[in-house]
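# Structural features, examined
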Amino acid sequence: MPPKRRSAGSIQSKETKNKPESSSSVGKTSTELTAKKHKDKDADFIALCKRLHVSDVVCDRTWKMYKSRQQSLDELQVDQKRLWGAALFAIVTDMDANSFTLTQVLKAVGMNVKQFVGLVRKLDINLDTISTKVNSTLTRLENKYEVTLALYQRFEKTCKSIFAVPTQTKENETIRACWTMFLLAKGRTLQMEDDLVISFQLLLCTLELFTKRCSPDCLQPFYRSAISKFQSPVTRTSRRNQVNSKARVTEPVVDLLLLETLCKENECNLDEVKHVYQTSFSAFVVSLDLHNTSGLPQASSINQHYEEHYLKCRDIDARLFLDSDETLLSPKVEHVQVERTPKKNMLEEDAMVIPQTPIRATMNSIQQLRGDLTARGDQPSTNLATYFKNCTVDPAQDILKRLETLGQKFSQRFAEAIGPQCISLGKERFNLGVKLYYKVMEAMLKSEEKRLSEQNFSKLLNNSTFHTSLLACALEVVMATYGESSFKTGGYNHGRNAGEPGTADLCFPWILDVLDLSAFDFYKVIESFIKADTTLIKDIVKHLETCENLIMERIAWKTASPLFDLLKQEYELGSVEQTETPASFNQPLQHNHTAADLYLSPVHPSLRILAPKSPAKVGSQAAAALPGQNPRQMKSNSLSLFYKKLYRLAYTRLKMLCSYLLSSHPELELIIWTLFQHTLQHNYELMRDRHLDQMMMSSIYAICRVKSVELRFKTIVSSYKDMPNTSQETFKHVLIGGDHYDSIIIFYNEVFMQELKTNILQYASTRPPTLSPIPQIPRSPFPSSPLRVPGSNNVYVSPMKSSRSPCIMTPRSRMLVSIGESFGTPNRFQKINQMLNSGERSLKRTSDHIGTPKHLKRLRFDVDGQDEADGSKSDGDSRLIQRLNDLSSARSRMQEQKMKEEVESRKGQH
C-alpha cells in the first residue's frame, strides 16, 4: 500500500541511500551543505537548500545566478522562495546533480507541476538563463505529466465501473495497489513513459490482473460476470523438476473474456492489448514473481519497488494522484476536440460537438486507421501485382527484400526507443505501415495511369528512394496516429539525454534516421501521399504538412542533404534560369506535380528536343535521355517546387513576425522580404546546418539597423517565441562555424552581416535594390478553423463554406454571422456590438496598467559592443494600437453591412 502523504524528509532519507553518483564534478564534492560556507546568503535560501539536500557547488551556482538576475526576476513579482526553487531546479538539471526529485521541490515551494514548469521558463527573462537542456527536460516532464494525468482520469473512471464503492479500507488498498503496480509496470517496461497508447494498454493489463484476482464481493456485477469461470490453475513444479524450474518459467495466463470486456468498455483494440500482455506485461509479472500465485500482489512490496523507481527517475511521484495532491492539481476538464465541424442540418442546440478526452481521441484515430487497413493483407493486392508485372523490370522481389531489411531495422530501433521488450510491438507498427504503403502506392499508380494513359511504371517502381520515402511516410502516419510522433520540441529530436544511445524520441524526423532517408527525398512524397489517401483524418494531414514545413525550415539543409548537390549543379551549369525567379512569386502555386515527376526529376529530357505529342509520351520517355543526344539539362522539378514552397513559407512566417514587431513601420516588410529572399536564392550556403527563421530574424534586424528603426534582437526573439512551432534552439544554438554554436546575435555579427554587408548597405542608399514581389499564398484545400477577432474572446471570423447557411459554430454561446447573408433579427448586431465593446473595454483596462514602457535589458548572450545601447522602446504600445485598429475595422465593416442590408430591405418594401 502506498504511504499516506509523505513529507519530503521521509522520502529523502531513502533517497540518500539509493542516490546514484553524479555524472559531473558535483559527484566529487560532498552532497551535504556546509552552512558556514554560505553566511553571505539568505538564511531562508540556505534552509531550502538543506531541505532539498543540495551540495555546496549547487548552492553557490544557484545563488550567483539568482543575484546576477535579481532585478529582472523581481519584475516577475513571484514569491522569492519559489524563484529559488525554480533556479535550483535549473542549475541541478544543467549540472546533472541528482539532488532532489521534482515532487520534493514542488512540496518545498508549494506549487503544482504546471505552475512550476511555467515559472522555470519565466526565469529566462533575459533569454540566457534556461539552457536548451533544461528546456528539453521541462518538455519531457510536461509530456509525462499530461499523459499520466490522462491515464489516471481514465483509471479513476474505469475503477468506478469495476470495483464496488470503496467503503472499506480493503477496497481502497486494492485500488491504490493497482495504480501503483501500473506505474511500476510503465516505468520498468517503457523507456518512453510519455507513450500514451502503450501505457494505456499496460493499464488495461494491470486492471485485468487485479480484477480477476480480486474477491467477487469487491466487484460490480457486470465485471463479476465477465471473469471466466474456468481459469487455468497455477502450474506447480514437481520435486523432480525443481532443479530446472527456473529455466521453464510459467507465463501468466490472461483471462481473454475479461480483457475483451475491458477493451470494449475502453474502446481499445483487443489484439493490440493482448499482444502487449503477452510480450511486455507477462515478463513484468514474472519479474515480480507474481505468476506463481493467484492472490492480489502485496501492496507494501509493490510500493517499495515503485519508490525505488521514482527516486531513480527523480520526477513526479504519480502515486499522489490517488490523494488529489496539490502538486498534481490541474483543471478538471482536460478535453480536446477531434472534429470542430458539426454535422449538417442540425439545430443550434444540438450542434455541440461532444468533447473527447486525449485517450478517447487517440483510440478513435487508431480504430479508424486499423479499420481502413483491416481488409488489406501484408502482400500487394491483385491490382498492384498487375502493375508490377507490367513493368519492364518486375520490382516485386526487390520490394519484398527491402521491406524485410527495413522491417528488422525499424523494429530494433523502435524497441531501443520505447523499451527492450517492445520489439514485437515495433513489428506490429511496421506491418500496419506496410499495409498503408501498399494501399497508397496502388492509389498513386491508378492516378498516374489515368493521367498518362500508361501502365508501365518500371522506372518509378524500380526507384529505391521512391519506395523508401513512401514507406517512411506510411510509418510516420502510423506513429502519429498512435501519438508516438509529435512536434512538442519544435522538431528538434535530442532524446532523453542528448548523445546517449537508445533514448531517442520517436518524433519526426526519427523515421528518416531509421530508414537512412534524406529529408529532401521524403518531402517529395508528402503531397502525393495526402492526395492518394483520402481517408486521412485532418489531424494527420496537418501532421504531414508540419513535417513538410520542418523539412523546408531546417532538416533539408543539413550538410549531407542532396538539396545542396542540386543547387550546386544549378549554378555550376551556368544556367540562366534561376531556381525560382522573382517574377513567378505572384503566380499561383500549381499543385500538379506528382511523386513520379519529383522522383524522376531532374533526369527529364528537354521538351524542346523530345517534343512529345501527348502527356503519355512524357511519362514513358521520362526514363532517360535519347541515346547519342546531349540536351541542355532542365532544372529540377523537385528543386523548383521546393523553392516555391520555401518562399511561400518564408514570407508567411516573416509577415507574422513583422505584424508583431513592425506594425508602425509597414513599409519595411517588403524591404526585409527582399533581403530575406535574396539570401535564400544567392547565399543559400548560409542555410547549411541552420534554420530558415535564423535568416528571417537576421534580415529583420539588418534592415531595421540601416533604416534607423530602433529594434533590438531581444525584442525580435521575444516575439518570435510567441509564434507557433518554434523552439529556443533556433535562437540559442546557431552554428557559427565548424562545431562552434552560439546565439543568434553572434551569428548575425560574425556570419550573416559579414556575408551580406554589401547587399545590406544598399538599402540605406537613395537607390535601393528592386523589391521582390510577394509570393501568392495559396488557400489550403482543407477547411481552416475560425479566427478570433483581436481583443475579443467571443467573436470569431470564418470563411463562408458555401452559398447555403454555413455550419454552426460551437459552443452554443457563440453566434455565427456570415457576411453576404441576411443577419435575421436586428438584435444580433446589438449582441455583436456588446461583445466588441466588452473586448474594447478589456483592452482599455489593459492599457491603463501598462504605464511607462520599461527599458529592455541587454541580451545576456550578446557580446559587449555588438548590439545597440540599452533603452529601446517597448513594442507593447504598437501591439495595442494594432489590436484596437483591427477591432475598430471589424466593427466598421459590420456596421456598413448592416446599413447596406437596411437600405436593400427598404427597397424591397417599396
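Residues numbered from 1 in each chain as written. Predicted model: local features only at pLDDT ≥ 70, side-chain atom pairs only at ≥ 80, totals over all residues. Heavy atoms only, no water.

On to the overall build of the protein. Looking only at helices and strands, the protein features 35 helices and four strands. For the protein, the proportion of its 910 residues judged to be buried stands at 49%. In the protein, the share of contacts with a sequence separation of at least 24, taken over all contacts with a separation of at least 6, comes to 75%. Summed over all atoms, the accessible surface of the protein reaches about 44,100 Å², with 50% contributed by carbon and sulfur. (Helix = DSSP H or I, 4+ residues; strand = E, 2+ residues; numbered from the N terminus. Buried < 20%, exposed > 50% of the residue type's maximum accessible area, 1.4 Å probe, protein only. Contact = heavy atoms within 4.5 Å. Areas by Shrake-Rupley, 256 points an atom, 1.4 Å probe, with all protein chains shown as cover.)

Below, the discussion takes up the environment of Thr 180. Residue position: Thr 180 is located in helix H9 (residues 169-189). Thr 180 sits 126 residues away from Tyr 306 along the chain, and the two C-alpha atoms are 7.0 Å apart.

Take the packing of helix H13 (residues 270-287) against helix H18 (residues 423-452) next. H18 packs onto H13 with a crossing angle of 150° between their chain directions and a minimal axis gap of 9 Å. Relative to H18, the element H13 is oriented roughly antiparallel. For the pair H13 and H18, contact is made by His 275, Val 276 and Thr 279 and by Ser 424, Leu 425 and Glu 428, respectively. Residues belonging to the contact of H13 with H18 are distributed by class as follows: two nonpolar, three polar and one charged. (Axes fitted to C-alpha atoms, helices over the stretch in contact; angles between N-to-C directions. Parallel < 35°, antiparallel > 145°, perpendicular 65-115°, else oblique. Nonpolar A, V, L, I, M, F, W, Y, C, P; charged D, E, K, R; others polar.)

Quick look at the pattern of salt bridges now. Enumeration over the complete set of coordinates arrives at 33 salt bridges. In this structure, Lys 133 and Asp 96 form a salt bridge, with 2.9 Å as the shortest nitrogen-oxygen distance. Taken together, the positions of Lys 133 in helix H8 (residues 132-162) and Asp 96 in the loop between helix H5 (80-95) and helix H6 (102-109) put the pair 37 residues apart, joining distant regions of the chain. Relative accessible area serves as the criterion here: at 31%, Lys 133 is assigned to the partly exposed category. The exposure class assigned to Asp 96 is partly exposed, which follows from its relative accessible area of 30%. (Salt bridge = Lys/Arg side-chain N within 4 Å of Asp/Glu carboxyl O.)

Across all of its chains, the model carries 41 aromatic pairs by this definition. Pairing Phe 45 with Trp 84 gives two aromatic rings, centres 5.5 Å apart and planes at 75°, and the pair type is edge-to-face. With Phe 45 in helix H2 (residues 43-51) and Trp 84 in helix H5, this residue pair connects regions lying 39 residues apart in the sequence. The two residues Phe 45 and Trp 84 agree in class, both being buried. On the basis of an interplanar angle of 70° and a centroid distance of 5.7 Å, the ring pair of Phe 410 and Trp 510 is categorised as edge-to-face. Remark: Trp 510 occurs in helix H21 (residues 510-514) and Phe 410 occurs in helix H17 (residues 396-418); sequence separation between them is 100 residues. There is no split in this pair, since Phe 410 and Trp 510 are both buried. (Phe/Tyr/Trp six-rings, centres within 6.5 Å; stacked < 30°, edge-to-face > 60°.)

Our next topic: unusual backbone geometry. Each neighbour pair has its own omega, and for Phe 508 with Pro 509 the value is 15°, a cis peptide bond. Within the secondary structure layout, Pro 509 lies in the loop between helix H20 (464-481) and H21. A positive phi is found at Asp 289, a non-glycine position, where the angle reads about 60°. Here Asp 289 lies in the loop between H13 and helix H14 (299-313). Backbone geometry places Ser 708, a non-glycine residue, at a positive phi of 60°. Note that Ser 708 resides in the loop between helix H30 (692-706) and helix H31 (713-720). Judged by its relative accessible area of 67%, Ser 708 falls in the exposed class.

Let's shift gears to the pairing of strand S1 (residues 734-737). Bridge count for S1 against strand S2 (residues 740-742) is three bridges, and the pairing is antiparallel. Paired with Leu 735 across the strands is Tyr 741, a residue of S2. If you look at the hairpin formed by S1 and S2, you'll find two residues sitting between the two strands, and Gly 738 has a positive phi there, around 60°. (Pairing = 2+ DSSP bridges.)

Another point: the confidence of the model for the protein. For the protein, the mean per-residue pLDDT works out to 78, and 68% of the residues sit at or above 70. Contacts for the low-pLDDT stretch residues 232-247, under 50 throughout, to residues beyond four places or in other chains number ten contacts. Contacts of residues 781-785 to residues separated by more than four positions or lying in other chains number six contacts, the stretch itself having pLDDT below 50. (pLDDT = per-residue confidence, 0-100.)

Now for the environment of Ala 415. Position of Ala 415 among the secondary structure elements: in helix H17. For Ala 415, a relative accessible area of 5% translates into the label buried. Along the backbone, Ala 415 and Gly 426 are eleven residues apart, and their C-alpha atoms lie at a distance of 6.6 Å. Ignoring sequence-local partners within four residues, the contact set of Ala 415 consists of Pro 420, Cys 422 and Ile 423.

What follows is about the nonpolar core. Counting 239 residues, the largest nonpolar core has Phe 529, Phe 642 and Ile 700 as its most contacted members. Ranked by residues supplied to this core, first place goes to helix H28 (residues 637-661) with 13 residues. What Ile 700 contacts, discounting residues up to four positions off in sequence, is Leu 654, Leu 657, Cys 658, Leu 661, Leu 662, Ile 672, Leu 711 and Ile 716. (Core = buried A, V, L, I, M, F, W, Y, C linked by side-chain atoms within 4.5 Å.)

Right, let's get into helix H12 (residues 256-265). Taken together, the buried positions of H12 are occupied by Leu 258, Leu 259, Thr 261, Leu 262 and Cys 263. Here the buried face of H12 lies against H8, helix H10 (196-213), helix H11 (221-224) and H13. At the N-terminal end of H12, a side-chain oxygen is found 3.2 Å from the backbone nitrogen of Leu 257, two or three residues along, and the residue is Asp 255. The first or second residue beyond H12 is Glu 267, which carries a positive phi of 55°. (Polar contact = N/O pair within 3.5 Å; in protein donor to acceptor, adjacent residues only side chain to side chain.)

Given a rise of 1.5 Å per residue, 30 residues ought to cover 44 Å, and the 42 Å separating the end C-alpha atoms of H18 matches this to within 8%. Where H18 terminates, the next one or two residues include Ser 453, which has phi positive at roughly 55°. (Expected span 1.5 Å × (residues − 1).)

The next subject is the environment of Pro 724. As for its placement among the helices and strands, Pro 724 is situated in the loop between H31 and helix H32 (729-732). Judged by relative accessible area, which is 42%, Pro 724 ranks as partly exposed. For the pair formed by Pro 724 and Arg 653, sequence separation is 71 residues and the distance between their alpha carbons is 9.6 Å. Among residues more than four places away in sequence, those in contact with Pro 724 are Arg 653 and Met 656.

Turning to the packing of helix H22 (residues 519-532) against helix H23 (residues 538-553), a few remarks are in order. Between H22 and H23, the least distance of the axes is 10 Å, while the angle of their chain directions is 150°. Taken together, the axes of H22 and H23 are roughly antiparallel relative to one another. Read as a crossing pair, H22 and H23 show a hand that is left-handed. Contact residues: Ala 519, Phe 522, Tyr 523, Ile 526, Phe 529 and Ile 530 in H22; Val 541, Leu 544, Glu 545, Glu 548 and Ile 551 in H23. The residue inventory of the contact of H22 with H23, partitioned by class, reads nine nonpolar, no polar and two charged. (Left-handed = near helix turned anticlockwise from the far one by under 90°.)

Moving on to the state of the cysteines. The tally for this structure, following the rule as stated, stands at zero disulfides. Of all cysteine sulfurs in the structure, the one in Cys 49 sits closest to Cys 59, which takes part in no disulfide; the separation is 3.9 Å. The thiol sulfur of Cys 704 is not disulfide-bonded, and the nearest other cysteine sulfur, from Cys 658, lies at 7.9 Å. What makes Cys 704 buried here is its relative accessible area of 1%. (Disulfide = S-S within 2.5 Å.)

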